[in-house]
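What follows is the residue order along each chain.
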Amino acid sequence: MAFNVAIDGPAGAGKSTIAKKLAKQMGFVYVDTGAMYRTIALRVLELGADGRDEAAVTEACKELDISIRYEKGEQQVYLNGENVTDRIRAEEVGMMASLVSSYAAVREKLTQLQQKMAEKQDVVMDGRDIGTAVLPRAQVKVYLTADAEVRAMRRYAELQARGEMCDMEAIKADILRRDSQDMNRAISPLKKAPDAIEVDCSHMTIDEVVSVVVKQIMLRR
Ligand code: C5P
């Protein structure tokens with residue numbers, strides 16, 4: 001049976017940084033599920049559709065082909081044949097993702113894809129509902145959190161490094177709004193699975209967090 005590690009938590013907690021490093025160290029495949037929600041969001045934005053219109057988003061999902069490929073060990077996301085890995089990182093795409101991810105058709109489509117990916121290979125999968133809904137039988141579950149201030153600062157640094165114009169207060173407001181949407185939606189809201197270990201990484205280094213998770217993996221392998 002494949003070994004599955006689920007990492008969930010609010011926006012900007014550092015899930016992808018930790019998951020990527022952990023996957024590399026353990027020889028597991030890293031699956032970034034947020035990227036998949038962002039891809040649907042990008043499609044909605046491209047179509048000029050109203051993200052608040054569930055029927056329109058559901059319709060947009062029907063003619064949408066998302067494929068995940070690994071090139072030089074890095075996850076690449078393709079939308080209808082086009083590599084959109086970089087384009088989905090924009091702040092407006094993240095906000096739209098948080099909106100459309102509340103719809104049943106969107107969640108069903110992506111949950112199936114994610115479960116398939118974790119069936120036959122060892123994965124570190126990060127997102128919002130991995131430990132609770134996508135991989136409820138994952139051998140290791142982590143709920144990664146950090147203070148909102150710290151998360152906003154990290155996201156600010158990330159956007160700046162990519163040369164994007166950004167405003168610290170606006171980023172913090174976006175993060176809080178996204179958390180609130182993700183935690184309060186009806187289907188698969190963000191919450192800690194009862195059997196997940198909670199790690200507050202506000203004052204921890206990346207390596208410290210990775211080593212906490214590696215210990216959990218070693219205990220269960
Ligand atoms: O993690 P990331 O910021 O890329 O996720 C973008 C959005 O996608 C989240 O705010 C959330 O609404 C949605 N998402 C989700 N379930 C997941 C992963 C992401 O609903 N497993």
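Everything numeric in this text was worked out from a predicted model, so none of it was measured. (Residues numbered from 1 in each chain as written. Predicted model: local features only at pLDDT ≥ 70, side-chain atom pairs only at ≥ 80, totals over all residues. Heavy atoms only, no water.)

Digging into the sheet that holds strand β4 (residues 74–79)
Logical step 1: What the three strands build is an open sheet, ordered β3-β4-β5; its pairing is antiparallel. The open sheet terminates on both sides in strands that have one partner only, identified here as β3 (66–71) and β5 (82–83).
Logical step 2: Relative to β5, β4 is paired through two bridges, and the arrangement is antiparallel. Note that in β5 the partner of Tyr78 across the bridge is Asn83. (Pairing = 2+ DSSP bridges. Helix = DSSP H or I, 4+ residues; strand = E, 2+ residues; numbered from the N terminus.)

Brief notes about the site of the ligand
Logical step 1: Around the ligand, the structure places 16 residues, and the nearest of them are Arg38, Arg107, Asp129, Arg178 and Asp182.
Logical step 2: Asp182 places a polar side-chain atom, nitrogen or oxygen, 2.6 Å from an oxygen atom of the ligand.
Logical step 3: Residue Arg185 places a side-chain N or O atom 2.9 Å away from an oxygen atom belonging to the ligand.
Logical step 4: Relative to its unbound accessible surface of 460 Å², the ligand loses 96% to contact with the protein.
Logical step 5: Mapped by element, the contributors of at least two residues to the shell around the ligand are α2 (33–47), α4 (91–100) and α8 (168–184).
Logical step 6: Residues belonging to the shell around the ligand are distributed by class as follows: three nonpolar, five polar and eight charged. (Near = heavy atom within 4 Å. Polar contact = N/O pair within 3.5 Å; in protein donor to acceptor, adjacent residues only side chain to side chain. Areas by Shrake-Rupley, 256 points an atom, 1.4 Å probe, with all protein chains shown as cover. Nonpolar A, V, L, I, M, F, W, Y, C, P; charged D, E, K, R; others polar.)

As for the nonpolar core
Logical step 1: Core analysis: the biggest nonpolar cluster contains 33 residues, and Ile40, Val100, Val106, Met125 and Leu135 have the highest contact counts within it.
Logical step 2: Dropping the residues within four chain positions of it, Val100 is found in contact with Tyr37, Ile40, Ala41, Val44, Gly51, Val57 and Val106. (Core = buried A, V, L, I, M, F, W, Y, C linked by side-chain atoms within 4.5 Å. Buried < 20%, exposed > 50% of the residue type's maximum accessible area, 1.4 Å probe, protein only. Contact = heavy atoms within 4.5 Å.)

Some points on the sheet that holds strand β6 (residues 123–127)
Logical step 1: Spatially, five strands are ordered β2-β6-β1-β7-β8 in an open sheet, and the strand pairing comes out parallel. Each edge of the open sheet is held by one strand with a lone partner, namely β2 (29–32) and β8 (197–200). For this sheet the average axis-to-axis angle between neighbouring strands, irrespective of direction, equals 20°.
Logical step 2: Both strand β7 (residues 140–145) and β8 contribute to a ladder of four bridges, which runs parallel. Within the sheet, the bridge partner assigned to Thr145 lies in β8 and is Asp200. (Axes fitted to C-alpha atoms, helices over the stretch in contact; angles between N-to-C directions.)

Digging into the UniProt feature "binding site: ATP" (unreviewed entry) in the protein chain
Logical step 1: If you check UniProt for "binding site: ATP" (unreviewed entry), the listed places come out as Gly9, Pro10, Ala11, Gly12, Ala13, Gly14, Lys15, Ser16 and Thr17 in our numbering.
Logical step 2: Classification of Lys15 as buried rests on a relative accessible area of 7%.
Logical step 3: Apart from residues no more than four positions distant in its own chain, Lys15 is found in contact with Ile7, Asp8, Gly9, Pro10, Asp126, Gly127, Arg128 and Leu144.
Logical step 4: The residue Thr17 is located in helix α1 (residues 15–26) in this model. (UniProt positions renumbered as here; feature names shortened; annotations may be inferred.)

Here we look at the pattern of salt bridges
Logical step 1: The final tally for this structure, using the stated rule, is 19 salt bridges.
Logical step 2: Arg52 is paired through a salt bridge with Asp50; the nearest N and O atoms lie 3.2 Å apart.
Logical step 3: Given the relative accessible area of 66%, Arg52 is considered exposed.
Logical step 4: In this structure, Lys172 and Glu149 form a salt bridge, with 2.8 Å as the shortest nitrogen-oxygen distance. Here Glu149 lies in helix α7 (residues 148–161) and Lys172 lies in helix α8, a separation of 23 residues in the sequence.
Logical step 5: The class of Glu149 is partly exposed, set by a relative accessible area of 40%.
Logical step 6: Three or more residues are tied together by salt bridges with common partners; here these are Arg43, Glu46, Glu63, Glu82 and Arg87. (Salt bridge = Lys/Arg side-chain N within 4 Å of Asp/Glu carboxyl O.)

A word on α1
Logical step 1: Taking 1.5 Å as the rise per residue, α1 with 12 residues should run 16 Å; its terminal C-alpha atoms sit 16 Å apart, in good agreement.
Logical step 2: Residues of α1 that are buried in the fold lie against β1 (4–8), β2, β6, β7 and α9 (206–220).
Logical step 3: Looking one or two residues past α1, Gly27 carries a phi angle of roughly 75°, positive in sign. (Expected span 1.5 Å × (residues − 1).)

Thoughts on unusual backbone geometry
Logical step 1: Backbone geometry places Asn80, a non-glycine residue, at a positive phi of 45°.
Logical step 2: Within the fold, Asn80 resides in the loop between β4 and β5.
Logical step 3: Positive phi, normally seen in glycine, also occurs at Ser188, with a value near 45°.
Logical step 4: Position of Ser188 relative to the elements: it lies in the loop between α8 and β8.

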